[in-house]
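Descriptive structure summary
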Amino acid sequence: MKYLIRSVKYFLALCVLYLVVMGLMFVTNTSLLPPSETFYALIHSTRGQILIVAVVLLSALYPGFGFVCRQQLGSLTINREQIINAFASEGFKLVRESETEMVFRGASFVKRLMLLYEDEIHVTQCGEWISIDGIRRGVARVNYRLESYLERARKDYE
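Residues numbered from 1 in each chain as written. Predicted model: local features only at pLDDT ≥ 70, side-chain atom pairs only at ≥ 80, totals over all residues. Heavy atoms only, no water.

Focus on a nonpolar patch on the surface
Selection criterion: Here the term patch refers to residues with relative accessible area over 30% and no salt bridge, with like charges joined within 9 Å and nonpolar side chains (Val, Leu, Ile, Met, Phe, Trp, Tyr) within 5 Å. Method for areas: the Shrake-Rupley scheme with a 1.4 Å probe, in which residue coverage is limited to the protein chains shown. The term salt bridge refers to a pairing of a side-chain nitrogen on Lys or Arg with a carboxyl oxygen on Asp or Glu at a separation within 4 Å. Only DSSP runs of H or I reaching four residues or more are called helices, and only runs of E reaching two or more are called strands; each is numbered from the N terminus.
A cluster of nonpolar side chains, contributed by Met1, Leu4, Ile5, Val8, Phe11, Leu12, Phe39, Ile43, Ile52 and Val56, occupies part of the molecular surface with about 930 Å² of accessible area. Mapped by element, the contributors of at least two residues to the nonpolar patch are helix H1 (2-27), helix H2 (35-44) and helix H3 (46-65). Per element, the largest residue contribution to the nonpolar patch is 5 residues, and it comes from H1. Mapping methionine 1 onto the fold places it in the segment before H1.

Below you can see the structure in the form of structure tokens.
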């Protein structure tokens, strides 16, 4: 069910993006056609139909490749400060915490909106590894920053 909801969200986001672009073209007089004819051309032209199919396919497939899990060597308790700092520097805040898991969300309305409210990232302890699971954009940026923070912490311990 979560997959379907994510697909619908991305479909709606792409539709809004299309409408914004068409609106900007109309307002700036860069469109050769009025909005009604532009919409008609979208539905009845081959290019428009291909665009519709591409948007539907992208929306259907994105939840499958848009969410990832990455791992770093570390500990939730020992490296708590580095984890929180890495997330804070990327615009996330800690919302829940237990002994084996930390949950982060976007710190601002804009951050959450840009991630379509799919901004929850889970950090769990898996043996000697920290597992970061969530939306690809957030996880990739935090993982890169956390890697350097953990490396610096390891060098300080030596």
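What follows picks up the thread again.
As for the sheet that holds strand S2 (residues 92-97)
Here is the rule: Here, any two strands with at least 2 DSSP bridges between them count as paired. Interaxial angle, 0 to 180 degrees, is taken between N-to-C directions of lines fitted to C-alpha atoms, where a helix line uses only the stretch in contact. In what follows, a contact means two residues having at least one pair of non-hydrogen atoms within 4.5 Å.
In spatial order, the strands read S1-S5-S4-S3-S2; together these 5 strands make up an open sheet with antiparallel pairing. Every interior strand has two partners, whereas the edge strands, strand S1 (67-73) and S2, have only one. The sheet shows a mean angle of 25° between the axes of neighbouring strands, taken without regard to direction. Strand contacts of helix H4 (residues 80-89): S2, strand S3 (101-106), strand S4 (121-126) and strand S5 (129-135), with the helix running at about 15° to S3, the strand carrying the most contacts.

Structural notes on the UniProt feature "transmembrane region" (unreviewed entry) in the protein chain
Note the cut-off: UniProt positions are given in the numbering used here, feature names are shortened, and annotations may be inferred rather than shown by experiment.
Those residues carrying the UniProt feature "transmembrane region" (unreviewed entry) are residues 7-28 and 48-69 in this numbering. Taken end to end, residues 7-28 comprises 95% helix and 0% strand; its first and last C-alpha atoms sit 32 Å apart. Annotation note: span residues 48-69, helix share 82%, strand share 14%, distance between end C-alpha atoms 36 Å.

Examining the pattern of salt bridges
We count it as follows: Think of it in three bands: with a 1.4 Å probe and only protein chains considered, a residue is buried below 20% of the maximum accessible area for its type, exposed above 50%, and partly exposed in between.
Throughout the structure, instances matching the rule amount to 8 salt bridges. Between glutamate 90 and arginine 145 there is a salt bridge, and its shortest N-O distance comes to 2.9 Å. Taken as a pair, glutamate 90 in the loop between H4 and S2 and arginine 145 in helix H6 (residues 136-157) lie far apart in primary sequence, 55 residues in all. Given the relative accessible area of 14%, glutamate 90 is considered buried. Arginine 112 is the salt-bridge partner of aspartate 119, the closest N and O atoms lying 2.8 Å from each other.

Digging into the side chain of lysine 111
The condition that has to hold: In this tally, Asp and Glu contribute negative charge and Lys and Arg positive charge; neither His nor the terminal groups of the chain are included. In protein, a polar contact means a hydrogen-donor-capable atom and an acceptor-capable atom, both N or O and within 3.5 Å, with residues adjacent in sequence counting only if both atoms are side-chain atoms; elsewhere, any N or O pair within 3.5 Å suffices.
Within the secondary structure layout, lysine 111 lies in helix H5 (residues 109-114). Glutamate 90 provides the closest opposite charge to the buried, unpaired lysine 111, separated from it by 5.3 Å. Reaching out from lysine 111, the side chain makes a polar contact with the backbone oxygen of glutamate 90 at a distance of 3.0 Å. Apart from residues lying up to four places away in sequence, lysine 111 is in contact with Glu90, Gly91, Phe92 and Gly106.

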